[in-house]
Amino acid sequence: MDRTSLDLVRLMDAHLALIATDVERWLALFADDAVVEFPYAPSLGSPSRLEGIKAIRAYFAPIITHFQGLTFTNVQRYPGVDSTTGWMEVHGTATLQPGNIPYEQDYVMRVQARDGRIVHYREYWNPLAAPRGTFESFTREQA
């Protein structure tokens, strides 16, 4: 594995470690012009695309409050052939607040990097795994 591929794997691991624990350190993994996409989010009333750090921060800031104890297991990493793009499959568990609602989700994540930072992140997940109204309430908080 070359150095660029190792950097991509480190970025993917840092992403998983920080996304639910330290939003500011997690955001430091991203380029200023980064794009985050959730292709299935509109079915839950959330945006499908976030452009730039300001939009990404606004969306993710409440995550720590709502997704308590978010942990990822069964992590499978698939660095791409070009060493700037990689895929991950992970299983996530958390307790959603308010309400202490158990949450489990299988994710597929695509990470594209440039100059050691994430420039494009796409996350696929099952909208039916989230209790009805969960993401709609997060979107209202962000407004």
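Structural data are supplied above this passage.
Residues numbered from 1 in each chain as written. Predicted model: local features only at pLDDT ≥ 70, side-chain atom pairs only at ≥ 80, totals over all residues. Heavy atoms only, no water.

Caption draft 1: Expanded view of the sheet that holds strand 6 (residues 117-125). Sheet architecture is open: six strands sit in the order 2-1-6-5-4-3, paired in mixed fashion. Both edges of this open sheet fall to strand 2 (49-51) and strand 3 (67-79), since each of them pairs with a single strand only. Taken pair by pair, the neighbouring strands of this sheet meet at an average axis angle of 20 degrees, ignoring direction. Bridge count between strand 4 (residues 85-96) and strand 5 (residues 101-114): twelve bridges; the pairing is antiparallel. Looking across to strand 5, one finds that T95 is bridged to P102. Set on the sheet, helix 3 (residues 53-60) makes contact with strand 1 (30-37) and strand 2; between it and strand 1 the angle comes to about 55 degrees. (Pairing = 2+ DSSP bridges. Helix = DSSP H or I, 4+ residues; strand = E, 2+ residues; numbered from the N terminus. Axes fitted to C-alpha atoms, helices over the stretch in contact; angles between N-to-C directions. Contact = heavy atoms within 4.5 Å.)

Caption draft 2: Quick peek at unusual backbone geometry. A cis amide bond, omega 0 degrees, links Q97 with the succeeding residue P98. Note on placement: P98 falls in the loop between strand 4 and strand 5. Here N100, not a glycine, exhibits a phi torsion of approximately 50 degrees, which is positive. Structurally, N100 is set in the loop between strand 4 and strand 5. Residue classification places N100 among the exposed residues on the basis of a relative accessible area of 55%. Backbone geometry at D115 places phi at a positive 55 degrees, although glycine is not the residue there. (Buried < 20%, exposed > 50% of the residue type's maximum accessible area, 1.4 Å probe, protein only.)

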